[in-house]
Amino acid sequence: MRRLLLAVLSCLFMFSITAFAADTTAAGTSNDEDKNIIMVEGVLIEDVSYPMARNLGGQKHIRTYMYEIETASDESHTTSDWDDASVCKAYLTIEYSSYDDANGQPLYVLDRVSGRWTEPTDSAYIVSSKVTYGCTKVEDGSQIGERFVSNNFSFPTNFDEGVSNWGGGTLGANLYLDLQRGSSSEWTLHLQNLAFGAGF
């Protein structure tokens, strides 16, 4: 009996790690003043799940994507040309909980959004930063928020309704960084961290 119990617990532990596996990359965009859109890639650098102490069967999840973006909008630059003076690194973290409803279906709640970035050391600088975040069903957009943030931000969402990861549900956050160089060059970085869904 003890061996059977250990086998079951081992399977559950492995399932909690492998189920709902996150993409190792995420898509972002850079939009300049001429409406040119350049795709940027975020890399998954943290993906942790652990049991919630006060919720039997519940899980806590933490996922962080790192984006490394060239602050120069000159498309002639390549990755090999980048250095610390022309690159802005941005980190976007979501923390969310999962639990099963009365029918045994998994539901997810976005608990907290955090982020930070390295300030460009060349002539570019960040003039505005904003986060949009949501934990919403396809038919209900009530759990969506937006706020302006400063560097090294972290805030609770105060969401309490779980959403499913199928049928159009969305959970995650977007970070928008507006950059400027001189008086004429402006562009916006849109960085994303979605646990699931098509975004918002």
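Use the structure listed above.
Residues numbered from 1 in each chain as written. Predicted model: local features only at pLDDT ≥ 70, side-chain atom pairs only at ≥ 80, totals over all residues. Heavy atoms only, no water.

A. Highlighting the pattern of salt bridges. Under the criterion given, the structure shown has 4 salt bridges. Lys 130 is the salt-bridge partner of Glu 146, the closest N and O atoms lying 3.9 Å from each other. Of the two residues, Glu 146 is situated in strand β7 (residues 144-148) and Lys 130 in strand β6 (residues 124-136); the sequence distance between them amounts to 16 residues. Among the ionic pairs, Lys 137 bridges to Glu 161, the shortest N-O distance being 2.8 Å. With Lys 137 in the loop between β6 and β7 and Glu 161 in the loop between β8 (153-156) and β9 (170-181), this pair connects stretches of sequence that are 24 residues apart. For Glu 161, a relative accessible area of 31% gives the class partly exposed. (Salt bridge = Lys/Arg side-chain N within 4 Å of Asp/Glu carboxyl O. Helix = DSSP H or I, 4+ residues; strand = E, 2+ residues; numbered from the N terminus. Buried < 20%, exposed > 50% of the residue type's maximum accessible area, 1.4 Å probe, protein only.)

B. Highlighting unusual backbone geometry. For Asn 152, which is not glycine, the phi dihedral falls at a positive 60°. Its relative accessible area of 58% is what places Asn 152 among the exposed residues. Non-glycine residue Asn 158 carries a positive phi angle of around 65°. As for its placement among the helices and strands, Asn 158 is situated in the loop between β8 and β9.

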